Amino acid sequence: VLTRVWLPYIYLYGVGGVAFFGGLFMVLRSEGFRRTDPRHRRWVGILVFGFVWYAAIHGIGTLAALYA
Amino acid sequence: MDAASAAGESWVFWAIVIGYFIIVLGFGSWFARFNKSTSDFFFGGRRFSWWLITMSIVATGVGSHSFLKYSSKAFEHGVSGTMAYLNDWFFMPLFMFGWLPIIYYLRVRSIPEYFERRFNRTVRVLATIALLLFMLGYIGIGFVTMAKTLQPILAGVLGWDLITIIWVVAAVAGVYITFGGQTAVIFTDLLQGFILLLAGVALFFLGLNWFGGFDALWQILPPDFKLPLAHFNDDPSFNFVGIFWQDAIAGSIGFLFMNQGLIMRFMACKSVNDGRKAAAFNVLFLLPISAIAVACAGWIGRGMVIQGDLPADIAADDIFVRVTALLTTPAGFGFFVAAVTAALMSTVDTLINAVAAVVINDIYRPILEARKEVRADGHYLKVAMIVSALATIVGVGSAWGFSKFDSLYEAHGFFHATLTPPLVTAIFLGIFWRRFNSRGAVSVFIAGAGLMVLGRFFPGTLISPFSHGIEAVGNTPYKYIGALYNIVVCFGAGVVGTLWPYGKDVVSKALDPSNTAESRGLTLWTLGKARHNFKGGEPNDAPGETVTALWQIDDQLAEGTVCMDAAALSAMAANPGDLVYVCDRRWWLGGLRSAHARFESPEGATAGVVFIAPDIAEAAHFQEGREVTVEKEF
């Protein structure tokens with residue numbers, strides 16, 4: 001059964017990563033983002049943290065299912 | 001007799017169910033004394049702190065149909081049954097810095113309104129039709145979910161089948177609406193989501209207690225069941241790649257960009273920054289907790305089947321009700337069933353009223369105005385009642401269609417994959433591609449929708465190239481991955497419709513950075529214009545402090561203004577004419593006592609006091625002698 005395991009993870013953060021970082025790149029070049037505003041720079045950090053946070057939840061969840 | 005049927009014969013169970021409905025309606029009726037102003041107060045004021053909005057947003061994450069839908073799939077497929085809850089972060093950059101500031105600064109109150117301002121009246125009508133179909137389908141989803149919630153309880157007592165229960169539920173919904181159900185919506189908006197979330201978390205801990213702790217349940221379940229993502233493409237009824245395109249892409253954009261409930265809540269935030277905080281906290285922390293709350297009955301149910309506490313042939317859509325009945329007393333079970341059915345009733349109620357409002361305001365009234373016919377309010381009320389009755393009957397029809405699917409999850413997935421792509425595409429291209437125009441938007445709704453229908457007739461030819469190896473089975477193959485085909489044809493229709501007239505100049509036109517007149521302030525690339533319009537002048541983004549002061553009414557001040565001394569303005573880095581937010585100093589009020597205003601010239605102002613115009617004092621509900629905080633908005 002456990003063939004199922006890693007392709008969904010790679011696809012999720014591959015295709016999802018293109019959508020996320022493509023969107024972030026677009027935002028950084030737009031009028032909606034003011035690079036001189038420290039709050040805006042902090043939000044970029046939070047956005048990247050969120051991506052890593054979910055990648056960790058899914059990654060650790062997969063490892064726990066296999067080995068815990 | 002199983003626990004659910006036994007509860008159906010318990011007077012305690014029915015007393016709790018009826019009592020809960022009476023409390024919900026009573027709460028709504030008490031608020032209804034303030035009627036229109038209540039709705040305006042909660043959703044029209046731009047006054048609330050992020051944490052209060054976050055509490056209210058729970059109702060959009062723990063939807064009324066979520067428990068049945070997700071516990072069913074969690075029972076069949078394990079932890080991966082919740083993957084739709086954990087994939088909403090991918091579009092957050094575009095939401096936080098694109099759509100959220102646009103709706104906030106332009107004060108957009110509905111999706112059709114955005115379409116009219118971004119494109120034209122024709123696109124608004126097409127979007128309205130698509131939204132009507134979406135709402136009518138959701139009414140059907142509500143009816144079939146309510147019927148499936150009550151079926152394990154009523155089937156044993158009264159012997160009714162699902163279709164009979166759907167008709168009875170629809171009749172009860174009609175009575176509920178007629179006798180004041182709409183007043184209970186404020187309860188749904190504020191508290192019900194939170195109650196459902198707490199109930200779901202309580203169910204999780206009751207389940208762990210049943211097995212003797214988390215570790216005991218974890219060890220019972222097989223590894224395949226515990227994986228957080230489903231098989232890539234195996235099992236047409238539940239596979240990763242199909243649900244990725246149906247939910248993580250089409251569903252996430254739909255949830256973040258076209259959910260009317262979310263739009264209203266973000267419009268109620270005191271600032272765009274607080275809206276971002278509410279959205280981030282919701283997706284990062286509340287959605288994972290919500291996933292556990294709505295799906296845990298499925299995991300517990302699987303453990304119970306393995307242990308022999310439940311029969312192996314139990315229907316997946318019954319698992320939430322059967323597990324809840326086993327884990328709780330008749331009184332506790334009555335509370336769960338009442339909370340879920342009351343939430344469903346409010347959802348259906350809101351949708352039926354919304355359908356009536358859209359038909360009257362966007363279709364019927366404009367037709368009469370075009371004919372120069374003037375009608376009294378009573379006439380519109382009568383038409384609204386007829387439309388509500390028709391919407392209920394159409395809802396029953398769609399509920400009958402949804403009941404033919406193997407599970408509620410598949411019905412919902414197919415419904416989303418089919419109806420959201422045109423709206424999602426038109427909104428998405430409208431916000432992020434400045435060249436996208438009315439012709440392109442019409443192409444999405446006409447040509448895109450036409451190609452989607454063709455795809456349903458010829459799935460083997462048109463959808464299978466997108467299928468990622470998913471097997472085509474049943475009368476409606478490619479339930480989820482059909483969303484990818486639908487998104488591609490809608491995007492294609494929008495791009496071709498926009499660029500078709502440019503012939504060989506198509507590439508240069510597609511990348512042309514100049515703004516079309518119709519998109520100023522309405523796209524990601526023209527947000528500076530939106531902020532300028534919002535303030536009515538050049539925004540002042542110089543960083544400043546928040547100042548604390550006592551407040552005093554000044555009858556001489558112009559409407560909508562406040563005044564402070566020059567030193568306070570200097571500390572805030574503010575100038576006369578800047579926008580300001582004045583709020584009661586007690587943080588835990590969450591902005592209940594607050595107002596937005598504009599700074600007047602500081603001449604003659606006393607230090608340590610903020611002078612406010614009478615209309616601002618009335619809007620803010622400040623209390624005598626209480627200090628307020630004053631901060632520049634921009």
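Note: the structure precedes this text.
Below, the structure is looked at part by part.

Calculation rules
Residues numbered from 1 in each chain as written. Chains lettered and ligands numbered in written order. Predicted model: local features only at pLDDT ≥ 70, side-chain atom pairs only at ≥ 80, totals over all residues. Heavy atoms only, no water. Helix = DSSP H or I, 4+ residues; strand = E, 2+ residues; numbered from the N terminus. Areas by Shrake-Rupley, 256 points an atom, 1.4 Å probe, with all protein chains shown as cover. Buried < 20%, exposed > 50% of the residue type's maximum accessible area, 1.4 Å probe, protein only. Contact = heavy atoms within 4.5 Å. Expected span 1.5 Å × (residues − 1). Bend = angle between axes of the 7 residues up to and from the residue. Polar contact = N/O pair within 3.5 Å; in protein donor to acceptor, adjacent residues only side chain to side chain. Pairing = 2+ DSSP bridges. Axes fitted to C-alpha atoms, helices over the stretch in contact; angles between N-to-C directions. 1 Å grid on protein atoms, 1.4 Å probe; cavity = no way out; pocket = protein on both sides within 12 Å on 5 of 7 lines; lining within 4 Å. Points joined across faces, edges and corners; volume = space filled by probe spheres on them. Nonpolar A, V, L, I, M, F, W, Y, C, P; charged D, E, K, R; others polar. Buried area = accessible area lost by both parts, 1.4 Å probe. Salt bridge = Lys/Arg side-chain N within 4 Å of Asp/Glu carboxyl O. Phe/Tyr/Trp six-rings, centres within 6.5 Å; stacked < 30°, edge-to-face > 60°. Parallel < 35°, antiparallel > 145°, perpendicular 65-115°, else oblique. Left-handed = near helix turned anticlockwise from the far one by under 90°. Patch = residues over 30% accessible without salt bridge, like charges linked within 9 Å, V, L, I, M, F, W, Y side chains within 5 Å. Core = buried A, V, L, I, M, F, W, Y, C linked by side-chain atoms within 4.5 Å.

Further remarks concern the overall build of chain A. Along chain A, the regular secondary structure elements total 2 helices and 0 strands. Accessible surface computed for chain A: about 3700 Å², of which carbon and sulfur atoms make up 72%.

This brings us to the overall build of chain B. Each helix and strand counted, chain B has 26 helices and 6 strands in total. Burial analysis of chain B (634 residues in total) assigns 59% to the buried set. Considering only contacts within chain B whose residues lie at least 6 apart along the sequence, 80% involve residues at least 24 apart. Just so you have it, chain B exposes about 24400 Å², and 63% of that area is on carbon and sulfur atoms.

Residues and elements named next belong to chain B. Between its first and last C-alpha atoms helix 20 (residues 438-457) spans 28 Å; for 20 residues at 1.5 Å apiece the expected length is 28 Å, and the two agree. Taken as a whole, helix 20 carries its principal kink of about 30° at V444. Along helix 20, the positions that sit buried rather than exposed are S438, G440, A441, S443, V444, F445, G448, M452 and G455. Of the residues flanking the start of helix 20, the one acting as N-cap is N437, its side-chain oxygen 2.9 Å from the backbone nitrogen of G440.

Strands pair in a sheet through their backbones, by hydrogen bonds, and they do so in one of two ways: parallel or antiparallel. All names here are of chain B. Here we have 6 strands rolled up into a closed barrel, ordered 1-5-2-4-3-6, and mixed in their pairing. The mean inter-strand angle of the sheet, taken between neighbouring strand axes irrespective of direction, is 45°. Pairing geometry for strand 1 (residues 547-553) and strand 6 (residues 628-632), over 3 bridges, is antiparallel. Bridge pairing in strand 6 links V547 to V630.

Another point: the layout of surface pockets. Quantified by volume, the second largest pocket comes out at close to 790 Å³. Lining the second largest pocket are 35 residues, with D37(A), R39(A), N273(B), K632(B) and E633(B) positioned closest to its centre. Sort the elements by how many residues they give to the lining of the second largest pocket and helix 15 (residues 272-307) of chain B lands first, with 5 residues. Residues that form the lining of the second largest pocket fall into these classes: 12 nonpolar, 9 polar and 14 charged.

The next thing to look at is the interface of chain A and chain B. Taken together, the 44 residues of chain A in the interface contact 44 residues of chain B. Here chain A and chain B share an interface that buries about 4000 Å² over both sides, 73% of which is from carbon and sulfur atoms. Ranking the residues of chain A by area buried against chain B places R4(A), W43(A) and Y54(A) at the top, with a combined share of 19%. Linking chain A with chain B are 1 salt bridge.

On to the packing of aromatic side chains, then. In the structure shown here, the tally under the stated rule is 53 aromatic pairs over all chains. Judged by centre distance (5.9 Å) and plane angle (85°), the ring pair of Y11(A) and F240(B) falls under edge-to-face. Of this pair, Y11(A) sits in helix 1 (residues 7-28) while F240(B) sits in helix 13 (residues 240-257), on two different chains. The class of Y11(A) is buried, set by a relative accessible area of 14%. A relative accessible area of 2% places F240(B) in the buried class. A ring pair is formed by F214(B) and W218(B), whose centres lie 5.7 Å apart and whose planes are at 25°; its orientation type is stacked. One end of the pair is F214(B) and the other is W218(B), both in helix 11 (residues 214-220) and 4 residues apart, which spans about a single turn.

Let us look at the packing of helix 7 (residues 111-118) of chain B against helix 19 (residues 408-432) of chain B. Residues and elements named next belong to chain B. It is at 11 Å that the axes of helix 7 and helix 19 come closest, and there the two elements cross at 45°. As judged from the angle between their axes, helix 7 and helix 19 are oblique. In terms of crossing hand, the pair formed by helix 7 and helix 19 is left-handed. Contacts between helix 7 and helix 19 pair I111, Y114, F115 and R118 from the former with L423, A426, I427, L429, G430 and I431 from the latter. Taken together, the residues of the contact of helix 7 with helix 19 break down into 8 nonpolar, 1 polar and 1 charged.

Residues and elements named next belong to chain A. A contiguous nonpolar surface patch, about 560 Å² in accessible area, is contributed by W6, L7, I10, L63 and Y67. Elements that contribute at least two residues to the nonpolar patch include exactly helix 1 and helix 2 (38-67). Among the structural elements, W6 can be located in the segment before helix 1. When its relative accessible area of 36% is taken as the criterion, W6 is described as partly exposed.

The tally for this structure, following the rule as stated, stands at 11 salt bridges over all chains. One salt bridge in this structure joins D224(B) and R4(A), with 2.6 Å as the shortest N-O distance. A residue pair is termed interchain when its members come from two chains, as with D224(B) in helix 12 (residues 223-226) and R4(A) in the segment before helix 1. The exposure class of R4(A) is buried, given its relative accessible area of 10%.

Quick look at the packing of helix 6 (residues 92-105) of chain B against helix 15 of chain B now. Residues and elements named next belong to chain B. With their axes 10 Å apart at the nearest point, helix 6 and helix 15 run at an angle of 140° to one another. Classified by the angle their axes make, helix 6 and helix 15 are oblique. Crossing of helix 6 against helix 15: the hand is right-handed. Note on element contacts: helix 15 touches helix 6 through V272, G275, R276, A279, A280 and V283, opposite M92, F95, M96, F97, L100, P101, Y104 and Y105.

Residue and element names in this part refer to chain B. In this structure, W89, F143 and F257 are the most contacted members of the largest nonpolar core, which totals 208 residues. Ignoring sequence-local partners within four residues, the contact set of F257 consists of F91, L94, F95, W99, I111, I263, I427, I431 and F432. One finds V547, M564, A568 and A620 within the second-largest nonpolar core, a separate group that totals 28 residues.

This next bit is on the side chain of R118(B). Residues and elements named next belong to chain B. Residue placement: R118 occurs in helix 7. A relative accessible area of 0% means that R118 is categorised as buried. Reaching out from R118, the side chain makes a polar contact with the backbone oxygen of F436 at a distance of 3.0 Å.

Each pocket or cavity is described by its volume, and for the largest cavity that value is around 50 Å³. In terms of lining residues, the largest cavity is bounded by L12(A), H58(A), M83(B), L86(B), N87(B), L229(B), F240(B), I243(B) and F244(B). The element that contributes the greatest number of residues to the lining of the largest cavity is helix 13 of chain B, accounting for 3 residues. When grouped by side-chain class, the residues that make up the lining of the largest cavity number 7 nonpolar, 2 polar and no charged.

It is worth spelling out the environment of L24(A) at this point. Checked against the element boundaries, L24(A) lands in helix 1. Assessed through its relative accessible area of 7%, L24(A) is described here as buried. Spatially, the C-alpha atom of L24(A) lies 8.1 Å from that of V44(A), the residues being 20 residues apart in sequence. Among residues more than four places away in sequence, those in contact with L24(A) are V44(A), L47(A), V48(A) and P93(B).

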